[in-house]
Amino acid sequence: MTHIFHRNPALTLPLAVRGEGCYLIDATGQHYFDGSGGAAVSCLGHKHPKVIAAMKRQMETLDYAHTSFFSSEPAEQLASLLAGKSPSTLGNVYFLSGGSEAMETALKMARQYHVENGQPQRCHFVSRRQSYHGNTLGALAIGGNLPRRTLYEPLLMKTTQVSPCFAFRYRLADESDADYIERLGLELEHTFLDLGPDSVAAFVAETVVGATSGAVAPVPGYLARMREVCDRYGVLLILDEVMCGIGRTGSYHAFEQEGVVPDLLILAKGLGGGFQPIGAVMASDRVVQTISRGSGSFQHGHTYVGHPIACAAALAVQQEIIEQNLCATVRSSGELLGGLLDERFGKHSHVGDIRGRGLFWAIELVQDRDGNRPFAPGLRLHAKIKQAAQTHGLLCYPGGGTVDGVTGDHVLLAPPYISTPEQLAFAVDTLAVALDETLAIQ
Ligand code: PLP
C-alpha cells in the first residue's frame, strides 16, 4: 500500500535503500549499475564522501537564508567557480532548484532584457522539434517533445519549432554537412522573418540533445551558423545544457566543442550530481548589465533560489570534477564506451545508429538496417528494454518517439564519470542481453 501518487501507479517499484559509488541497491539487496545516472544526473555516483562532508558542514553552519535578505558563502563560491570555468562574458549566475525552473528563468531573463533594451515587441521564442527543455508550462511550451507536450497543448504559450540538427534521420542522402547546415540556417532565418525580423526574443536549443532523440550531437559548424543568424536579427541564443553540460560530453561546457558562446546557458543535472536539487542560469554581461541599468532588478524569484545546502553540495561536486580532472576521464572512458558499443552493436541487425560524445551515448533501434525503418510505436520497445535491463541489474534511460515524437526507439547511457572499464563493459553486455531478450519476444 503506497500513499505516493507514483509516475505510473500501475507499477510496483523496487524500494531503493542505499547508494554506493556507481550502484543503487534495493530493499532485497539487488545491486543496479547506474548506467544512466538516473536521467544523466549522478555524475559522481552515490554517497560521495567529499560531497556528503560538505553538505554536513553546511547544515551545521547555515541551513537557509532567503536571497532577498542575504547572500551566502557556498552560493558565492559556487558562482565564482562557475564563472571561472566559463567564457569571461558569461560570468553571472542565477541559481534555481532544477532544470525546468532554470529554463523558465532564462525565458523571463531574455524577455526582460529586450524590454529594458527598448524592444518590448520581442516576445516570440523559437526552438526545435525533437527537443526537451523541462516540464513546467513555459519550459514545456518551448520544448519539442511531443509525447510530453500533447496533453497540455491547449495550455501552452505559442512558440515556434524549427527542424532539429539530427543528421542520422534528417540530412538528405546527397547533402554535405555544409549544405545541411545551410538549409537549417535558412530555415531559422525565414522563421525569424516570418515572425517579424525584430519580434523574436530568443532561439533555444540543447547543445547535445538528450532524452528526446538520444545523444544527438550537432553537425560541426551548425551551432555557429545558428549563432550568426541570431546575431543578425538581435535574437538571444539560449543553450540548454541541463543534461549534456558539466563534463558529460568531455568538456566542462558542451558548447566549448562548438565554437560558440550562448547569451544564456542552462545547467542542472551534473551541477549538483543528484546530491541536492539545483539548477542555474549563466547569463552574459550584456543581459545582466541591460537589466541592471534599466529597472535595476530582475523581476523573478523563488523561495529556494541559491539554497546554501544545495550550493554547498554542488560546489563540492564541481571541485571534485575539477580536482580529479574528470573531463579528461570522461573523454577517455567515453572512447572506451563508444568502442564497446560499436563492437557489440555495430553489426546488430536492429541497431541503426550508435552515437554520442564523452559519457553520453545512445543506440537507436531499427526494424531493418537498410531502410532504418523504426519499429511500430505500439510495441513500446524502449519501455520493455528498460524493464529487462533493470531486471539484469542495469539502469539505462530508453525513450520512444526518437524520430519524430511518435516513431523510433533509443536507449541512452550516461554513466557516472567514475565508472570503471569493467563497469562500462557490464553496461554494454547487459544492454545487449536486455535488447536481444526484448526483441526475441516481439
Ligand atoms: N532540459 C533538459 C535538456 C533536460 O534533459 C531536462 C530534464 O531532463 C530539463 C531541461 C528539465 O530539468 P528538470 O527535470 O530538472 O526540471
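Remember, predicted model here, so these are calculated numbers, not experimental data.

## Remarks on the packing of aromatic side chains
Right, on to step 1. Within this structure, the stated rule accounts for six aromatic pairs.
Right, on to step 2. For the pair Tyr64 and Tyr304, a centre-to-centre distance of 6.0 Å together with 65° between the ring planes defines the contact as edge-to-face. Highlighted residues: Tyr64 in the loop between helix H2 (49–61) and helix H3 (73–84) and Tyr304 in the loop between helix H11 (285–293) and helix H12 (308–323), separated in sequence by 240 residues.
Right, on to step 3. Overall, the relative accessible area of 31% leaves Tyr64 in the partly exposed class.
Right, on to step 4. Here Phe166 and Tyr170 contribute two aromatic rings whose centre-to-centre distance is 5.9 Å and whose plane-to-plane angle is 70°, an arrangement assigned as edge-to-face.

## Side note on the sheet that holds strand S8 (residues 236–240)
Right, on to step 1. Spatially, S4-S10-S9-S8-S7-S5-S6 is the arrangement adopted by the seven strands of the open sheet, whose pairing is mixed. In the strand order of this sheet, the two ends are held by strand S4 (92–96) and strand S6 (160–162), each with one partner. Put simply, the sheet's adjacent strands are angled 20° from each other on average, direction ignored.
Right, on to step 2. Inspection of the sheet shows strand S5 (residues 124–128) paired to strand S7 (residues 200–206) by three bridges, in the parallel sense.

## Some points on the site of the ligand
Right, on to step 1. Taken together, Gly98, Gly99, Ser100, Tyr132, His133, Gly134, Glu206, Asp240, Val242, Met243 and Lys269 form the complete shell of residues around the ligand.
Right, on to step 2. Note that an oxygen atom of the ligand is positioned 2.6 Å from one of the side-chain N or O atoms of Ser100.
Right, on to step 3. A distance of 2.7 Å separates a nitrogen atom of the ligand from a polar side-chain atom of Asp240.
Right, on to step 4. Here the ligand loses 82% of its free accessible area of 380 Å² to cover by the protein chains.

## Description of the nonpolar core
Right, on to step 1. If you look at the biggest cluster of nonpolar residues, it comprises 87 residues, and the most contacted ones within it are Leu82, Phe192, Phe203, Phe345 and Ile363.
Right, on to step 2. The leading source of residues in this core is H12, at nine residues.
Right, on to step 3. Viewed by domain, this core spans two of them, domain 1 (16–47 + 325–440) and domain 2 (52–323), each represented by three or more residues.
Right, on to step 4. Membership of the second largest hydrophobic core comes to 27 residues, among which are Ala102, Ala110, Ala139 and Ile266.

## Examining unusual backbone geometry
Across the chain, the bulk of peptide bonds are trans and the bulk of non-glycine residues have phi less than zero.
Right, on to step 1. The phi angle at Lys47 is positive, at roughly 55°, despite the residue not being glycine.
Right, on to step 2. Summarising the element assignment, Lys47 is placed in the loop between helix H1 (37–40) and H2.
Right, on to step 3. Here Lys47 falls in the partly exposed class, since its relative accessible area comes to 47%.
Right, on to step 4. Positive phi is not limited to glycine here, since Asn325 has a value of about 50°.
Right, on to step 5. Here Asn325 shows up in the loop between H12 and helix H13 (326–345).

## Topic: the domain arrangement of the chain
Right, on to step 1. According to the domain assignment, the chain contains domain 1 (16–47 + 325–440) and domain 2 (52–323).
Right, on to step 2. The C-alpha centroid of domain 2 is placed 25 Å from the C-alpha centroid of domain 1.
Right, on to step 3. The interface is formed by 40 residues belonging to domain 1 together with 42 residues belonging to domain 2.
Right, on to step 4. Together domain 1 and domain 2 conceal approximately 3100 Å² of surface at their shared face, both sides included; 57% is due to carbon and sulfur atoms.

## Describing the sheet that holds strand S3 (residues 31–33)
The pairing of strands in a sheet comes from backbone hydrogen bonds and takes either a parallel or an antiparallel form.
Right, on to step 1. Within the open sheet, the three strands sit side by side as S1-S2-S3. Their pairing is antiparallel. Strands at the two margins of the open sheet, each flanked by one partner only, are strand S1 (16–20) and S3. This sheet shows a mean twist of 25° between the axes of neighbouring strands, independent of strand direction.
Right, on to step 2. Where strand S2 (residues 23–26) and S3 come together, three bridges link them in antiparallel fashion.

What counts and what doesn't
Residues numbered from 1 in each chain as written. Predicted model: local features only at pLDDT ≥ 70, side-chain atom pairs only at ≥ 80, totals over all residues. Heavy atoms only, no water. Phe/Tyr/Trp six-rings, centres within 6.5 Å; stacked < 30°, edge-to-face > 60°. Helix = DSSP H or I, 4+ residues; strand = E, 2+ residues; numbered from the N terminus. Buried < 20%, exposed > 50% of the residue type's maximum accessible area, 1.4 Å probe, protein only. Pairing = 2+ DSSP bridges. Axes fitted to C-alpha atoms, helices over the stretch in contact; angles between N-to-C directions. Near = heavy atom within 4 Å. Polar contact = N/O pair within 3.5 Å; in protein donor to acceptor, adjacent residues only side chain to side chain. Areas by Shrake-Rupley, 256 points an atom, 1.4 Å probe, with all protein chains shown as cover. Core = buried A, V, L, I, M, F, W, Y, C linked by side-chain atoms within 4.5 Å. Domains from an automatic or database assignment. Contact = heavy atoms within 4.5 Å. Buried area = accessible area lost by both parts, 1.4 Å probe.

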